[in-house]
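Residue-level listing of the chains:
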Amino acid sequence: MFVNHCTACDQKMLIFPSQVTGMAQIDGVTAMTYTCWCGSEQLWHNGTTGGQSEVAAKPAAKTAANAA
Ligand SMILES: [Zn+2]
């Protein structure tokens, strides 16, 4: 589950695994296509050129919480 800004409805939406239509890993970058709540086909990726996408659950944050 992750949060992404939809370019069609211009809102930050929570995306569930059931909405993901495809996934690929290219050069260490994970890319996913999903269908937004508004019905638009969108692309999410964790590449460095994004800037408008963010992952909801970050493993690093969990590790920090456990250490504290
Ligand atoms: Zn949308």
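Everything that follows concerns the structure shown earlier in this document.
Reading the values: rules and limits
- Residues numbered from 1 in each chain as written.
- Predicted model: local features only at pLDDT ≥ 70, side-chain atom pairs only at ≥ 80, totals over all residues.
- Pairing = 2+ DSSP bridges.
- Helix = DSSP H or I, 4+ residues; strand = E, 2+ residues; numbered from the N terminus.
- Buried ≥ 20, exposed ≤ 12 C-beta atoms within 10 Å, placed from the backbone.
- Axes fitted to C-alpha atoms, helices over the stretch in contact; angles between N-to-C directions.

K.L.:
Tell me what's going on with the pairing of strand S2 (residues 12-15), and back it up with residues and numbers.
P.N.:
Side-chain direction in a regular strand flips from residue to residue, so the side chains alternate between the two faces of the sheet. Two strands pair when backbone bridges link them, and strand S1 (residues 2-5) and S2 are joined in this way by 4 bridges, in the antiparallel orientation. Bridging from a neighbouring strand, His5 pairs with Lys12 of S2. The antiparallel hairpin formed by S1 and S2 contains 6 residues in its connecting segment, where Asp10 sits at a positive phi of about 55°.

K.L.:
So what about unusual backbone geometry? Which residues, and what values?
P.N.:
Phi at Asp10 is positive, roughly 55°, even though this residue is not glycine. Positionally, Asp10 belongs in the loop between S1 and S2. Among the residues examined, Asp10 registers 8 C-beta atoms within 10 Å and is labelled exposed. The backbone of Asp27 shows a phi angle near 55°, a positive value even though the residue is not glycine. Relative to the elements of secondary structure, Asp27 occurs in the loop between strand S3 (20-26) and strand S4 (29-35). The exposure class of Asp27 is exposed, given the 5 C-beta atoms found within 10 Å.

K.L.:
With reference to specific residues and values, describe the sheet that holds strand S5 (residues 41-45).
P.N.:
With respect to topology, 3 strands assemble into an open sheet ordered S3-S4-S5, the strand pairing being antiparallel. Two strands lie at the open edges of the sheet, namely S3 and S5, each paired on one side alone. Strand-to-strand, the axes of this sheet are offset by a mean angle of 15°, without reference to chain direction. Bridge count for S3 against S4 is 6 bridges, and the pairing is antiparallel. Bridging across to S4, Ile26 finds its partner in Val29.

K.L.:
So what about the environment of Phe2? Which residues, and what values?
P.N.:
For Phe2, the position within the fold is in strand S1. Residue Phe2 is classed as partly exposed on the basis of its C-beta count, with 18 C-beta atoms lying within 10 Å.

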